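Observations on the three-dimensional arrangement
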Amino acid sequence: MRRLPTIAALLAILVATAGLWPLAAQNQNQQPELEIVIGGDGNSPPHYAVPDFVAASPEAAEIAAAMSQVLWDDLAFEREFDLIPRDVYKTIPAARSADQVPFSSWREVGADAVFFCTVQKSGDKVVVQARLFNVRTRQQVFSKEYTGTASNPRLYAHTIADEVHLQQRALRGVARTKLTFVSDRNKERLLGPIDNREVKEIYVSDYDGANQRRITTTRQLNINPSWSPDGKAVAYSSYRNLTPQIFVSLIYQGVLENPTKSTTVSNMMPVFSPDGTRIAFVTNRDGNTEIYVMNRDGSNVRRLTNHPAYESTPTWSPNGTQIAFTSDRTGKAQIYIMNAADGSNVRRLTVSESEADRATWSPAPFNEIAYAGRTSSNGFDIKVHDLATSTVKQITFGEGSNESPAYSPNGKHLAFTSTRAGGTQVFTIGRDGRGIKQLTRSGNNQTPAWSQ
Amino acid sequence: MVCSRGLGVALAIMCLMAAPACSRRNKPVATPQPAPTVTEPPVVQGPPPAPPRTQRVDDQQPAALSEDSVSDRSLDELNRNSPLRPAFFLLDSSDLDDAGRSVVTGNVDVLKKNPQWVVTIEGHCDERGTAEYNLALGERRASAVKTYMVSLGIAPDRLRTVSYGKEFPFDQAHNEDAWGKNRRAHFVITAK
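Thresholds, definitions, all that
- The written sequence of each chain sets the order in which its residues are numbered from 1.
- Chains carry letters and ligands carry numbers; both start at the beginning, A for chains and 1 for ligands, and go up in the order they are written.
- Two thresholds apply to this predicted model, a pLDDT of at least 70 for residue-level local features and 80 or more for giving and counting side-chain atom pairs, whereas whole-chain, interface and lining totals are computed over all residues.
- Derived side-chain values reflect all non-hydrogen atoms in the structure, with water molecules and hydrogen atoms excluded from consideration.
- Segments assigned H or I by DSSP are reported as helices when at least four residues long, segments assigned E as strands when at least two residues long, and all are numbered from the N terminus.
- By this rule the span expected of a helix is its residue count minus one, scaled by 1.5 Å.
- Burial classes follow relative accessibility: with a 1.4 Å probe on protein chains only, a residue under 20% of its type's maximum area counts as buried, one over 50% as exposed, and anything between as partly exposed.
- Angular values range over 0 to 180 degrees, each being the angle between N-to-C directions of two axes fitted as lines to C-alpha atoms, with helices fitted over their stretch in contact.
- For this classification, under 35 degrees means roughly parallel, over 145 means roughly antiparallel, 65 to 115 means roughly perpendicular, and everything else is oblique.
- Crossing chirality is assigned from the near helix's rotation relative to the far helix, an anticlockwise turn below a right angle marking it left-handed and a clockwise turn marking it right-handed.
- Contacts: residue pairs with any heavy atoms within 4.5 Å of one another.
- Charged residues are taken to be Asp, Glu, Lys and Arg, nonpolar residues to be Ala, Val, Leu, Ile, Met, Phe, Trp, Tyr, Cys and Pro, and polar residues to be all remaining types, Gly included.
- Pairing between strands is defined by DSSP: at least two bridges between the two strands are required.
- For the purposes of this description, domain bounds are those given by an automatic or database domain assignment.
- By buried area we mean how much accessible surface two parts lose on assembly, using a 1.4 Å probe and totalling the loss over both.

A few words on helix 3 (residues 61-78) of chain A. Residues and elements named next belong to chain A. In this model, helix 3 (18 residues) spans 27 Å end to end at C-alpha, consistent with the 26 Å of a helix rising 1.5 Å per residue. Every buried residue belonging to helix 3 is among I63, A64, M67, S68, V70, L71, W72, D74, L75, F77 and E78, and all of these are buried. Trailing helix 3 by a residue or two, R79 shows a phi angle of about 55°, which is positive.

This is the structure:
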């Protein structure tokens, strides 16, 4: 959900939790209500400044510098605030303590909001304190301490960014979300008789492309990964047993589940239902490619589509009652929607595309489906179909071929692949088509999926 | 896996049936840590600010899983100098044309001379469709070839089909010549 019902309600909860609510209620006449949300001038977004985190010891200097840039990047990514470039204020001396923030200097560079963050590091133990001040009122509106290990300093900045977005904008930020995708970057050769085939393995990364890690080492073809709703598992199809079969990898436990087992029929394109209990997938077990649903453990397999054409690439609606999919029953691939329970009530979504594939249903409150629509004989562009108005908005415009859109969990962004930069690479872009960012550069990378 | 004899398949199936045992071999590279505990942020008016409350930030790193893959060297050698030739298709088509039927008929003759061979028919596509659609198109190409071979007298249980979509182009170039080579049914001997 992008906006919670009312910011006032959120403020009430925060104030009550902080134990100030009774005080405010008692002294309503004397005590002005605490203003937590920092505004900008008029209707413009507030200007945020993220000075360097203050290192409490020389040992902490390196991670402090990294954290401040990551926090700036995280806040800039959502475009809820206007981030003042960090070199504008590098001459403002760092505050020594939270009560010595030079507010007049920050006002001079136009900041409405400024952070004061400190980092302590001893051995592998890290303590980060983050505070956010309203520059005009000089009030502290956010204050928190984080402790943990030094293994991933970026995570502290991501956590601060998500919590500030939630407090200030009632927005579920994506700084701690992850992507999964397919890559051939290792240039390993496939086992078997064919010389010129490269292994494709499943990778995960942070939302911004940092910390790219391989989660399969099969030396086989692995494709079409997707996240479980709790972010603890990645489902994908792997050709390790001749035909593609579905595997579910519990990536933090090192446990591999295999809900479909066959060496003769294909089971592929697994996507978890929003409640995580079921997996929609594609199989040719009854002669041609159709969409089925099974329980996560492979039990209770039900067929949803039954058509001589091919049906594939399912995506769940956010409430789990409908599934959008691709069918070429009219001769060319188009997007359709059906009821998830029994495959009934099939209706065609894309009516003005020559070809369309890989539907991805947005999270609420957006009510739209993104897909790849053919825009040239050799390529596709990302488009978004608004389900309420049936209007279509194009997001990319012919720079390379653009495929495989996947929504961020707050619906504000799309991950997709493009050939615009050499090979096939994963990018993210705002749902308004602004803010494109390249995440991968090594080998070819394809079919991204974004965690919840 | 492109190549595997009966023993290999049996081993793979046994391994899958014994999934917990397999996964025990594959130790995670990172130890999972408990989920972060969240403390509500205190809200304080004006300096000097209250000391912040503490929240743990735990970093979890995913573990890579290793799988044993089965390969058969003598089959690999046979496939590297395979007597079975690939059949090619027109754009977005799974119909065998005259040239394609001629190639497949030749492959049928080879199979009739080697009645113990089991063959996997791989369906491949050029890069101009989506990755997802091409998996279906490759399936159709492989199925069309299998149907034709069965009509020429090959027992269906000697023929398996698998689609690789556009994942394994024969020619990596981005032009008509390469695309023509990539729209193909490729034959792999999987048992002899």
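Still to come is the rest of the account.
Turning our attention to the packing of helix 4 (residues 98-113) of chain B against helix 5 (residues 131-151) of chain B. All names here are of chain B. Contact pair helix 4 / helix 5: the axes reach a minimum separation of 10 Å and the direction vectors enclose 55°. Between helix 4 and helix 5, the angle falls in the class oblique. For the element pair helix 4 and helix 5, the recorded crossing hand is right-handed. Where helix 4 approaches helix 5, its residues R101, V104, T105, V108 and L111 are matched on the opposing element by V145, Y148 and M149. The residue makeup of the contact of helix 4 with helix 5, split by class, is six nonpolar, one polar and one charged.

Residue and element names in this part refer to chain B. Taken together, four strands build an open sheet; the order of strands is 3-6-4-5 and the sheet is mixed. Looking along the sheet, the strands with just one partner apiece sit at the ends: strand 3 (87-88) and strand 5 (159-165). Bridge count for strand 4 (residues 118-124) against strand 6 (residues 184-191) is six bridges, and the pairing is antiparallel. Bridged to E122 within strand 6 is H186. Running over the sheet, helix 5 touches strand 4, strand 5 and strand 6 and is turned about 155° from strand 5.

Another aspect to go through is unusual backbone geometry. All names here are of chain A. Backbone torsion omega between A364 and P365 reads 5°, so that peptide bond is classified as cis. Within the secondary structure, P365 is located in the loop between strand 23 (356-361) and strand 24 (368-376). The backbone phi angle of T313 is positive, close to 55°, even though this residue is not glycine. With respect to the helices, strands and loops of the structure, T313 is situated in strand 19 (residues 311-316).

What follows is about the pairing of strand 17 (residues 290-295) of chain A. Residues and elements named next belong to chain A. The buried fraction of strand 17 is high, at five of six residues. Relative to strand 17, strand 16 (residues 278-283) is paired through six bridges, and the arrangement is antiparallel. By the bridge assignment, F281 is partnered in strand 17 with Y292. Taking the residues between adjacent antiparallel strands as the criterion, strand 16 and strand 17 are bridged by six residues, where G287 takes a positive phi near 115°. Pairing geometry for strand 17 and strand 18 (residues 302-303), over two bridges, is antiparallel. In the strand pairing of strand 18, Y292 is matched with R303. Linkage of strand 17 to strand 18, two consecutive antiparallel strands, is achieved through a turn of six residues, within which G298 is found at a positive phi near 95°.

Once that is clear, we can look at the sheet that holds strand 19 of chain A. Residue and element names in this part refer to chain A. Taken in spatial order, the four strands line up as 19-20-21-22 in an open sheet, and their pairing is antiparallel. Taken across any chain shown, the strands that pair with only one partner, and hence form the sheet edges, are strand 19 and strand 22 (347-348). Inspection of the sheet shows strand 21 (residues 334-339) paired to strand 22 by two bridges, in the antiparallel sense. Considered in strand 22, the bridge of I337 is made with R347.

This next bit is on the packing of helix 3 of chain A against helix 5 (residues 154-169) of chain A. All names here are of chain A. At their nearest, the axes of helix 3 and helix 5 sit 8 Å apart, and the two run at 35° to each other. By crossing handedness, the relation of helix 3 to helix 5 is classed as right-handed. Residue-level inspection shows M67, V70, L71, D74, L75 and E78 of helix 3 in contact with helix 5, the latter providing R154, Y156, A157, H158, I160, A161, V164 and H165. Partitioned by chemical class, the residues of the contact of helix 3 with helix 5 number nine nonpolar, two polar and three charged.

Residue and element names in this part refer to chain A. Annotation of chain A at the domain level lists domain 1 (7-169) and domain 2 (178-450). One C-alpha centre belongs to domain 1, the other to domain 2; they are set 37 Å apart. Listed by partner, the interface residues are nine residues for domain 1 and 15 residues for domain 2. Around 910 Å² of area is buried between domain 1 and domain 2 when both sides are counted, 39% of it from carbon and sulfur atoms.

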